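Topology and contacts: notes
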Amino acid sequence: MAAGEEYEKMNSPPRPDPPRESLQLRKEISLLNGVSLIVGNMIGSGIFVSPKGVLLYSASYGLSLVIWAVGGLFSVVGALCYAELGTTITKSGASYAYILESFGGFVAFIRLWTSLLIIEPTGQAVIAITFANYLVQPLFPTCEPPYAAARLIAAACVCLLTFINSAYVKWGTRVQDIFTYAKVAALIVIIITGIVKLCQGYTTNFSSSFRGSSTDPGEIALALYSALFSYSGWDTLNFVTEEIKNPERNLPLAIGISMPIVTIIYILTNVAYYAVLDVTAIHASDAVAVTFADHTLGVMSWTIPIAVALSCYGGLNASIIAASRLFFVGSREGHLPDVLSMIHIQRFTPIPALIFNCVMSLVYLTVEDVFQLINYYSFSYWFFMGLSIAGQIYLRWKEPDRPRPLKLTLAFPVIFCLCTIFLVAVPLYSDTISSLIGIAIALSGVPVYFLGVHLPESKRPSVITEALRCLTHLTQNTCMCVLTEMDTGE
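Remember, predicted model here, so these are calculated numbers, not experimental data.

Thresholds, definitions, all that
Residues numbered from 1 in each chain as written. Predicted model: local features only at pLDDT ≥ 70, side-chain atom pairs only at ≥ 80, totals over all residues. Heavy atoms only, no water. Helix = DSSP H or I, 4+ residues; strand = E, 2+ residues; numbered from the N terminus. Rg over C-alpha atoms; globule rule 2.2 N^0.38 Å. Buried < 20%, exposed > 50% of the residue type's maximum accessible area, 1.4 Å probe, protein only. Contact = heavy atoms within 4.5 Å. Areas by Shrake-Rupley, 256 points an atom, 1.4 Å probe, with all protein chains shown as cover. Lys, Arg positive; Asp, Glu negative; His and termini not counted. Charge placed at Lys NZ, Arg CZ, Asp CG, Glu CD. Core = buried A, V, L, I, M, F, W, Y, C linked by side-chain atoms within 4.5 Å. Phe/Tyr/Trp six-rings, centres within 6.5 Å; stacked < 30°, edge-to-face > 60°. Salt bridge = Lys/Arg side-chain N within 4 Å of Asp/Glu carboxyl O. Expected span 1.5 Å × (residues − 1). Patch = residues over 30% accessible without salt bridge, like charges linked within 9 Å, V, L, I, M, F, W, Y side chains within 5 Å. Axes fitted to C-alpha atoms, helices over the stretch in contact; angles between N-to-C directions. Left-handed = near helix turned anticlockwise from the far one by under 90°. Nonpolar A, V, L, I, M, F, W, Y, C, P; charged D, E, K, R; others polar. pLDDT = per-residue confidence, 0-100. Parallel < 35°, antiparallel > 145°, perpendicular 65-115°, else oblique.

Before going further, it helps to spend a moment on the overall build of the protein. Assigned secondary structure in the protein consists of 21 helices and two strands. Relative to the globule expectation of 23 Å for 490 residues, the C-alpha radius of gyration of the protein, 25 Å, shows essentially globular dimensions. Principal-axis analysis of the C-alpha atoms places the extent of the protein at approximately 100 × 50 × 45 Å. Counting across all 490 residues of the protein, residues that qualify as buried make up 53%. Residue pairs in contact within the protein that sit at least 24 positions apart in sequence constitute 83% of those at least 6 positions apart. Just so you have it, the protein exposes about 21600 Å², and 67% of that area is on carbon and sulfur atoms. Taken as two groups, the 27 positive and 32 negative side-chain charges of the protein have centres that lie 3 Å from each other.

So, in structure tokens, the structure goes:
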């Protein structure tokens, strides 16, 4: 019997090795998670603060509501274009991935460099500081919160969210879901309070609502900028396309659900503000929602600063998820060091990219006037946003037979690109110095590209090559990470 078994083993074909699980980012983001990511990132601190800027430049309640509606419509057009791009180019990275596919590595690297150097870390630092200020505001009702306390709380917030997203993708999406529900609930409280006030006869501010409206194109453009600041974030889900379950269905569906929700909430929230507060009160307020609460919620007015803080917290979480994936994809494409495209062997999260993003944000938290840095990237942000959608038009011509699960009429990308030209030109004219600084920051990536990407590795300084190799080995050993693999199944 034993001899027969031995003979059978020797003559039977070798058993195939068990299939090896490929090391890729897991598809763990559901439709509900996707909606929460978009809504959670769009509804940040802007709707609680920006109404002041929109009303200031539009100069009337009626025109300001029109601008909020136009900002929502413009964002819907952009989001629909990104829905087509995201289902056609199924890579994470949003505009970076689309520019890379359309216009090549050099332009895509400049987009990545601008995000790495200023857009992502500055934006996250500002959100974290806003979160900290509103969190401690109830403790300092008559004065500004201590500078050091606010910065330390902001740093702790960034570090905590980095840890949560490093642990498991699901942890990060659950945090996003919870805080999205909280911020939407806070806005619904404001909307219901406003409706009650309207029913009680608070309609004075809406009589002759267009009286005194601004006719200056420059001021109207600045009002639109303030509104678009609140609408920014509709591209969040495109940064994590490779982690979405059934992206061909869920990506456009999540965008289609999120955009009307946010637009309707924003318009109704502003109607509630205008029902209670006059122009003088809004202009004098640094946070319109807090002033609204002081006028209407009585002893419960403290809940709104906390709600603003929670809103910022959720927005920061979505921003960290998106930025870390941008750096991850940039590394995988060879535009950043290999260490940033590594994922944990058990948790399947891009821990090195998350840590790098955290460090960059912490660096910017040490800059005292970090809010000023935001002015430097308006030009670059809208330029690359428009360029990515121009790539949609270019790919329609270059690759007309490419599979497109969602295909829009060309009117959508054409309209968006024309509007983007306007948005690029306005800051260049109205804030020339800041725009030129932003352009200089983008162009500083040119020598970096030729030295670190275009130049063959054999010709690069050996010190840099060896340092990167040591960093890669150190990261592999300390973070239990390995290089990811492309998903070839799509």
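Attention shifts here to the side chain of Gln392. Along the chain, the position of Gln392 falls in helix 17 (residues 378–398). Here Gln392 falls in the buried class, since its relative accessible area comes to 1%.

The next subject is the nonpolar core. Of all hydrophobic cores here, the largest spans 137 residues; its most connected members are Ile190, Leu237 and Trp382. Among the elements that make up this core, the one with the highest residue count is helix 14 (residues 303–332) (15 residues). Dropping the residues within four chain positions of it, Trp382 is found in contact with Phe74, Tyr225, Leu228, Phe416, Thr420, Leu423 and Val424.

Using the criterion set out here, one finds 23 aromatic pairs in the structure. Summarising the aromatic geometry, the rings of Phe106 and Tyr449 are spaced 5.2 Å apart at their centres and angled 75° between planes, so their arrangement reads as edge-to-face. Of the two residues, Phe106 sits in helix 7 (residues 105–136) while Tyr449 sits in helix 20 (residues 445–454), which places them 343 residues apart along the sequence.

For the structure on display, the rule yields nine salt bridges. Across the pair Lys91 and Glu101 runs a salt bridge whose closest N-O atoms are separated by 4.0 Å. With Lys91 in the loop between helix 5 (61–88) and helix 6 (95–103) and Glu101 in helix 6, the pair connects residues that are 10 residues apart, well separated along the chain. Between Arg469 and Glu466 there is a salt bridge, with the nearest N and O atoms lying 2.9 Å from each other. Of this pair, Arg469 and Glu466 both sit in helix 21 (residues 462–479), three residues apart, roughly one helical turn. Given a relative accessible area of 40%, Glu466 falls into the partly exposed group. What you see here is one network of salt bridges that share partners, running through Lys91, Glu101, Glu333, Glu399 and Arg402.

The next subject is helix 8 (residues 147–167). Taking 1.5 Å of rise per residue, 21 residues should cover 30 Å, and helix 8 covers 31 Å from first to last C-alpha, within 8% of that figure. Within helix 8, burial applies to Ala150, Arg151, Ala154, Ala155, Cys157, Val158, Leu161, Thr162, Ile164, Asn165, Ser166 and Ala167.

There is a patch of nonpolar side chains on the surface, built from Leu451, Ile464, Leu468, Leu471 and Leu474 and spanning about 420 Å² of accessible area. Tallying contributions element by element places helix 21 first for the nonpolar patch, with four residues. Within the secondary structure, Ile464 is located in helix 21. Look at Ile464 and you get partly exposed, because its relative accessible area is 43%.

Residue position: Ser115 is located in helix 7. Aside from chain neighbours lying at most four places away, what touches Ser115 is Glu120, Pro121, Leu326 and Phe327.

Turning to the packing of helix 7 against helix 17, a few remarks are in order. Where helix 7 meets helix 17, the closest approach of the two axes is 11 Å, and the angle between their N-to-C directions is 145°. Here helix 7 and helix 17 pass one another in a crossing that is left-handed. Residue-level inspection shows Val107, Ile110, Arg111, Thr114 and Ile119 of helix 7 in contact with helix 17, the latter providing Ser380, Tyr381, Phe384 and Leu387. Here the residues of the contact of helix 7 with helix 17 are counted per class, giving six nonpolar, two polar and one charged.

This brings us to the environment of Gly330. Tracing the backbone through its elements, the reader meets Gly330 in helix 14. Non-local contacts of Gly330, meaning those with residues more than four positions away in its chain, are made with Tyr96, Leu112, His335 and Leu336.

In this section: the confidence of the model for the protein. Residue-level pLDDT values for the protein average 83, and 92% of them are 70 or greater. Confidence over residues 5–10 falls short of pLDDT 50; this stretch has zero contacts with residues more than four positions distant or in other chains. Below pLDDT 50 for its whole length, residues 12–22 participates in five contacts with residues either more than four positions away or in separate chains.

With respect to the secondary-structure elements, Trp234 resides in the loop between helix 10 (217–231) and helix 11 (247–276). The buried category is assigned to Trp234, whose relative accessible area is 3%. The sequence separation of Trp234 and Met42 amounts to 192 residues, and the corresponding C-alpha distance is 6.3 Å. When near neighbours in sequence (up to four residues on either side) are disregarded, Trp234 contacts Ile38, Met42, Ser75, Gly78, Ala79, Tyr82, Met259, Met385 and Phe416.

It is worth spelling out the packing of helix 2 (residues 31–42) against helix 9 (residues 169–199) at this point. Taken N-terminus to C-terminus, the directions of helix 2 and helix 9 make an angle of 55°; their axes are 9 Å apart at the nearest point. The pairing of helix 2 with helix 9 is recorded here as oblique in orientation. Here the hand of the crossing between helix 2 and helix 9 comes out left-handed. Taking contact as the criterion, the partners of Leu32, Asn33, Ser36, Leu37, Val39, Gly40 and Asn41 in helix 2 are, on helix 9, Lys170, Thr173, Gln176, Asp177, Thr180, Tyr181, Lys183 and Val184. Considered class by class, the residues forming the contact of helix 2 with helix 9 number five nonpolar, seven polar and three charged.

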